[in-house]
Amino acid sequence: MNRIAVFVGSFDPITRGHEEIVMRALPLFDQIIVAIGINTGKQCLFPIDKRLEFVKTTFANSSKIIVKTYDGLTIDFCKENNAKFILRGLRNAIDFEYEKNIAITNNDLSPDIETIFMISAPEYSHINASIIRELIKMETDVSKYLPQNIKF
Ligand code: ADP
């Protein structure tokens with residue numbers, strides 16, 4: 001049986017924190033689909049084509065990782081892609097409280113889909129895409145928070 005996990009987010013932009021969770025989870029799964037949500041209600045700093053390019057560049061050397069965009073419910077995306085696992089990263093108790101309710105709801109709606117949590121590495125647990133966006137707007141160099149080959 002293929003163990004397929006999805007890792008969803010807006011990745012505006014993808015960070016070293018996101019990258020580290022996916023790379024650490026990789027041995028657990030046959031495939032990880034990194035899925036960029038096209039959430040029309042959310043104002044993003046980077047357009048979808050840029051976010052897609054950054055995520056594809058980040059995982060270009062990993063054949064077990066595929067990158068897609070998606071719209072709608074995560075559990076519907078899982079079903080369409082035959083994924084039985086949702087991968088999430090936990091940085092702190094705030095993430096936990098937020099993620100717990102989503103995971104319970106998803107499991108309630110779709111009992112065959114499990115959410116798998118990984119605790120972020122301590123060196124990345126302060127990395128937050130919204131803080132990075134603010135730094136970018138202030139023209140601050142954020143390269144140390146982004147995956148190595150991301151340039152813009
Ligand atoms: P985005 O801000 O790109 O939408 P999210 O906040 O939705 O990303 O996060 C997508 C997933 O990545 C979530 O499971 C989140 O907890 C996790 N994540 C975000 N930043 C980090 C980090 N620095 N370390 C570990 N996991 C992270």
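Residues numbered from 1 in each chain as written. Predicted model: local features only at pLDDT ≥ 70, side-chain atom pairs only at ≥ 80, totals over all residues. Heavy atoms only, no water.

Enquirer: How should I be thinking about the pattern of salt bridges in this particular structure?
Expert: Side-chain pairing between opposite charges can occur once the charged atoms of the two side chains come close. Summed over the entire model, instances satisfying the criterion amount to eight salt bridges. Two residues, Arg-133 and Asp-12, come together in a salt bridge whose shortest N-O distance is 3.8 Å. On the criterion of sequence distance, the pair formed by Arg-133 in helix H5 (residues 129-137) and Asp-12 in the loop between strand S1 (4-9) and helix H1 (16-25) is long-range, its members being 121 residues apart. By the burial criterion, Arg-133 is buried, and Asp-12 matches it. Its salt-bridge partner being Lys-137, residue Glu-134 comes within 3.2 Å of it at the nearest N-O pair. Taken as a pair, Glu-134 and Lys-137 lie in helix H5 at a separation of three residues, close to a single helical turn. (Salt bridge = Lys/Arg side-chain N within 4 Å of Asp/Glu carboxyl O. Helix = DSSP H or I, 4+ residues; strand = E, 2+ residues; numbered from the N terminus. Buried < 20%, exposed > 50% of the residue type's maximum accessible area, 1.4 Å probe, protein only.)

Enquirer: Got a minute to help me understand H1 in this structure?
Expert: Residues separated by three or four positions in an α-helix point in the same direction, a consequence of the helix having 3.6 residues per turn. Buried within H1 are the following residues: Gly-17, Glu-20, Ile-21, Val-22 and Ala-25. Looking at the buried side of H1, the elements it contacts are S1, strand S2 (31-37), strand S3 (65-70), strand S4 (85-90) and strand S5 (114-119). The residue sitting at the N-terminus of H1 and contributing the capping side-chain oxygen is Thr-15; that oxygen lies 3.1 Å from the backbone nitrogen of Gly-17. (Contact = heavy atoms within 4.5 Å. Polar contact = N/O pair within 3.5 Å; in protein donor to acceptor, adjacent residues only side chain to side chain.)

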